[in-house]
Amino acid sequence: MNKGKNKLFSVGTIVLLSQLIIFCSFSQTSIKSDDDIYLYIHVDKLPSFPGGSHGLKEFIKTNLKWPDQEIGVHGIVLVSFIVKKSGEIESVIVERSLHQIFDTEAVNLIKKMPKWNTGEINMQPVSVKLYLPIEFIIR
């Protein structure tokens, strides 16, 4: 790789859109998931990343790798995932693709995440589906 590309990559940043996580604004709704538990998309208390939004930004900044500088692609990968009652992440899905290589990196990033603080309804932990847009851009 030439120095121009290395310099361009070194100033690359990953930007999270909006409030970092886009939540569905449905009434208190549940969906039956594969393991016969209920999955909620609207709750009293949303799941949160350990350390809050700042912790999530730092985790992404530290762990997200630019997959291939040779690919002239930039944009957003929208992923969804479930934060289980236990705080573990499961069912990571690419909802809006950018490019297979970037999609794979976004999924791998989500799978590396530590346990989240769980969502709650009536002060009881519940499984919640979340959406996270991850933007790959070079500035």
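It should be emphasised that the depicted structure is a prediction, and the values quoted were computed from it without experimental measurement. (Residues numbered from 1 in each chain as written. Predicted model: local features only at pLDDT ≥ 70, side-chain atom pairs only at ≥ 80, totals over all residues. Heavy atoms only, no water.)

**Things to note about the nonpolar core**
Then, in step 1: If you look at the biggest cluster of nonpolar residues, it comprises 28 residues, and the most contacted ones within it are Phe81, Ile110, Met113, Leu132 and Ile134.
Then, in step 2: The set of elements that each furnish at least two residues to this core consists of helix H2 (52-63), strand S4 (75-83), helix H3 (100-112) and strand S7 (124-137). (Core = buried A, V, L, I, M, F, W, Y, C linked by side-chain atoms within 4.5 Å. Buried < 20%, exposed > 50% of the residue type's maximum accessible area, 1.4 Å probe, protein only. Helix = DSSP H or I, 4+ residues; strand = E, 2+ residues; numbered from the N terminus.)

**Re the pairing of S7**
Then, in step 1: Burial of S7 is extensive: 11 of the 14 residues sit out of reach of the surface.
Then, in step 2: Both strand S3 (residues 38-40) and S7 contribute to a ladder of two bridges, which runs parallel. Along S7, the bridge assignment pairs Tyr40 with Val128.
Then, in step 3: Inspection of the sheet shows S4 paired to S7 by nine bridges, in the antiparallel sense. When the sheet's bridge partners are listed, Gly75 is paired in S7 with Phe136.
Then, in step 4: Judged from the three bridges that link them, strand S6 (residues 119-121) and S7 form a sheet pairing that is antiparallel. Its bridge partner being in S7, Ile121 is matched across the sheet by Gln124.
Then, in step 5: Adjacent in sequence and paired antiparallel, S6 and S7 are bridged by two residues, among which Asn122 carries a positive phi angle near 50°. (Pairing = 2+ DSSP bridges.)

**A short note on unusual backbone geometry**
In most cases, non-glycine residues show a negative phi, while peptide bonds are predominantly trans.
Then, in step 1: Non-glycine residue Ser91 carries a positive phi angle of around 55°.
Then, in step 2: Within the secondary structure layout, Ser91 lies in strand S5 (residues 89-96).
Then, in step 3: Residue classification places Ser91 among the partly exposed residues on the basis of a relative accessible area of 39%.
Then, in step 4: A positive phi angle, near 50°, is found at Asn122, a position not held by glycine.
Then, in step 5: Its location among the elements puts Asn122 in the loop between S6 and S7.

**Side note on the packing of aromatic side chains**
What describes a pair of aromatic rings is the distance from one ring centre to the other and the angle between the planes of the rings.
Then, in step 1: Using the criterion set out here, one finds six aromatic pairs in the structure.
Then, in step 2: In textbook terms, an aromatic cluster arises when at least three aromatic residues are bridged by ring pairs, as seen for Phe49, Phe59, Phe81 and Trp116. (Phe/Tyr/Trp six-rings, centres within 6.5 Å; stacked < 30°, edge-to-face > 60°.)

**Section: the pairing of S4**
Then, in step 1: Buried residues dominate S4, accounting for nine of its nine residues.
Then, in step 2: Where S4 meets S5, five bridges bridge the pair, whose relative direction is antiparallel. By the bridge assignment, Val83 is partnered in S5 with Ile89.
Then, in step 3: Turn length for the S4-S5 hairpin, with the two strands adjacent in sequence and antiparallel, is five residues, and the turn residue Gly87 shows positive phi of about 95°.

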